[in-house]
Amino acid sequence: MHIHHLLENNSVANKFVAQLRDTDIQGDRMRFRRNIERLGEILGYELSKNFKYEDKAVTTPLGTASVDLPAEEIVLCSILRAGLPLHNGLLNYFDDAENSFISAYRHHPDNDEKFEILVEYLASPSLMNKTLILADPMLATGRSFVNVMKALESMGTPANIHLVSVIGAREGIEYIASEFPENTHLWIATIDEELNDRGYIVPGLGDAGDLCYGTKMQH
């Protein structure tokens, strides 16, 4: 797997990640969602450098200009619900992409720390020979990405797979690297070293879905 770690180089993205983590700012849900969206835009821009391009002629008022434009059939797939603002950020840049939505959530069958990832909803176009961009802001254990990709298998085999996330844990990244094709790309803003005994990223930022949209009842 090819890992592209945004915060290895300093940029304005540092500010957006810091605000996402900051408990004094997290209560502002609109800002939280907007910062994830901003990071989606930045990660999308970086991701676009990996595309294939074709030369196109564009007619201007004074003549013709030659420009290289992306030659990709893109499908954006976000994992509900936390993936929605990240999806919006990517869609701001890849505005002509097809869109796919899938649910994945942690189910605690015994009301303890053990959980399984359940996938219950999928709406997607064909992925056959297209470029799939799969977005989820939190890459903790990595099981959501893996289970979602298995659920998408019936939609066809994409030519290229790009995973986009805001914060990930080393353990989860190692897991998805062992499960996804070798030529998969991971675009991630920042990487933390640990998961706690509940499978949450430390120091992380908490539950991104709750911070975006409010708390939920547990299943």
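Residues numbered from 1 in each chain as written. Predicted model: local features only at pLDDT ≥ 70, side-chain atom pairs only at ≥ 80, totals over all residues. Heavy atoms only, no water.

Enquirer: Would you mind going over the packing of aromatic side chains with me for this structure?
Expert: The description of an aromatic ring pair uses the distance of the two centres, along with the angle that the planes make with each other. One pass over the full model with this rule turns up one aromatic pair. With centroids separated by 5.5 Å and ring planes inclined at 50°, the aromatic side chains of Phe51 and Phe94 adopt a geometry described as tilted. One end of the pair, Phe51, is in the loop between α2 (29-48) and β2 (53-60); the other, Phe94, is in the loop between α3 (83-93) and β5 (98-103), with 43 residues separating them in the sequence. Residue classification places Phe51 among the buried positions, given a relative accessible area of 7%. (Phe/Tyr/Trp six-rings, centres within 6.5 Å; stacked < 30°, edge-to-face > 60°. Helix = DSSP H or I, 4+ residues; strand = E, 2+ residues; numbered from the N terminus. Buried < 20%, exposed > 50% of the residue type's maximum accessible area, 1.4 Å probe, protein only.)

Enquirer: Before we go on, may I ask you to explain the pattern of salt bridges in this structure?
Expert: Where charged atoms of side chains with opposite charge meet at close range, the side chains can pair. Across all of its chains, the model carries eight salt bridges by this definition. Notably, a salt bridge pairs Arg21 with Asp192, separated by 2.9 Å at the nearest N-O pair. Note that Arg21 is positioned in helix α1 (residues 13-21) and Asp192 in strand β12 (residues 185-192), a separation of 171 residues in sequence. On the basis of relative accessible area, Asp192 is assigned to the buried category, the value being 6%. One salt bridge in this structure joins Arg170 and Glu193, with 3.1 Å as the shortest N-O distance. Highlighted residues: Arg170 in helix α5 (residues 170-179) and Glu193 in the loop between β12 and β13 (194-195), separated in sequence by 23 residues. A relative accessible area of 37% places Arg170 in the partly exposed class. Take Glu193: its relative accessible area is 54%, and that puts it in the exposed class. (Salt bridge = Lys/Arg side-chain N within 4 Å of Asp/Glu carboxyl O.)

Enquirer: I tried to follow the layout of surface pockets on my own but got confused; where do I start?
Expert: It is the rolling of a water-molecule-sized probe over the atoms that shows where space remains empty. Taken as a whole, the second largest pocket encloses approximately 240 Å³ of empty space. Of all elements in the fold, only α4 (143-151) and β11 (160-169) reach the threshold of two or more residues within the lining of the second largest pocket. Here the lining of the second largest pocket is built from residues that sort into seven nonpolar, four polar and three charged. (1 Å grid on protein atoms, 1.4 Å probe; cavity = no way out; pocket = protein on both sides within 12 Å on 5 of 7 lines; lining within 4 Å. Points joined across faces, edges and corners; volume = space filled by probe spheres on them. Nonpolar A, V, L, I, M, F, W, Y, C, P; charged D, E, K, R; others polar.)

Enquirer: What is the right way to read the packing of α1 against α2 from this model?
Expert: A pair of packed helices is captured by two measures, namely the crossing angle of their axes and the spacing between those axes. One way to put it is that α1 packs onto α2 with a least axis distance of 9 Å and a crossing angle of 145°. Along this stretch, α1 crosses α2, giving a crossing that reads as left-handed. Where α1 approaches α2, its residues Ala13, Phe16, Val17, Gln19 and Leu20 are matched on the opposing element by Arg31, Phe32, Asn35, Ile36, Arg38, Leu39 and Ile42. (Axes fitted to C-alpha atoms, helices over the stretch in contact; angles between N-to-C directions. Left-handed = near helix turned anticlockwise from the far one by under 90°. Contact = heavy atoms within 4.5 Å.)

Enquirer: Help me understand the pairing of strand β3 (residues 63-70), please; the structure alone is not making it clear to me.
Expert: Note on strand geometry: in a regular strand, side chains alternate between the two faces of the sheet. As judged from the eight bridges shared by β2 and β3, these two strands associate in the antiparallel manner. Within the sheet, the bridge partner assigned to Thr59 lies in β3 and is Thr64. Two successive antiparallel strands, β2 and β3, enclose a turn made up of two residues. (Pairing = 2+ DSSP bridges.)

Enquirer: How should I be thinking about α2 in this particular structure?
Expert: Residues spaced three or four apart along an α-helix point in a common direction, a consequence of the helix completing one turn every 3.6 residues. Compared with an ideal rise of 1.5 Å per residue, which puts 20 residues at 28 Å, α2 spans 28 Å between its outermost C-alpha atoms and is within 8% of the ideal. All buried positions along α2 are accounted for by Phe32, Asn35, Ile36, Glu37, Leu39, Gly40, Glu41, Leu43, Gly44, Leu47 and Ser48. (Expected span 1.5 Å × (residues − 1).)

Enquirer: Whenever I open this one, the environment of Pro61 confuses me. Can you help?
Expert: Position of Pro61 among the secondary structure elements: in the loop between β2 and β3. The spatial distance from the C-alpha of Pro61 to the C-alpha of Gly199 is 57 Å, given a sequence separation of 138 residues.

Enquirer: Can you walk me through the side chain of Ser48 in this structure?
Expert: For Ser48, the position within the fold is in helix α2. A distance of 2.6 Å separates a polar atom in the side chain of Ser48 from the backbone oxygen of Tyr45. Not counting residues within four places of it along the chain, the set of residues in contact with Ser48 comprises Tyr53 and Phe94. (Polar contact = N/O pair within 3.5 Å; in protein donor to acceptor, adjacent residues only side chain to side chain.)

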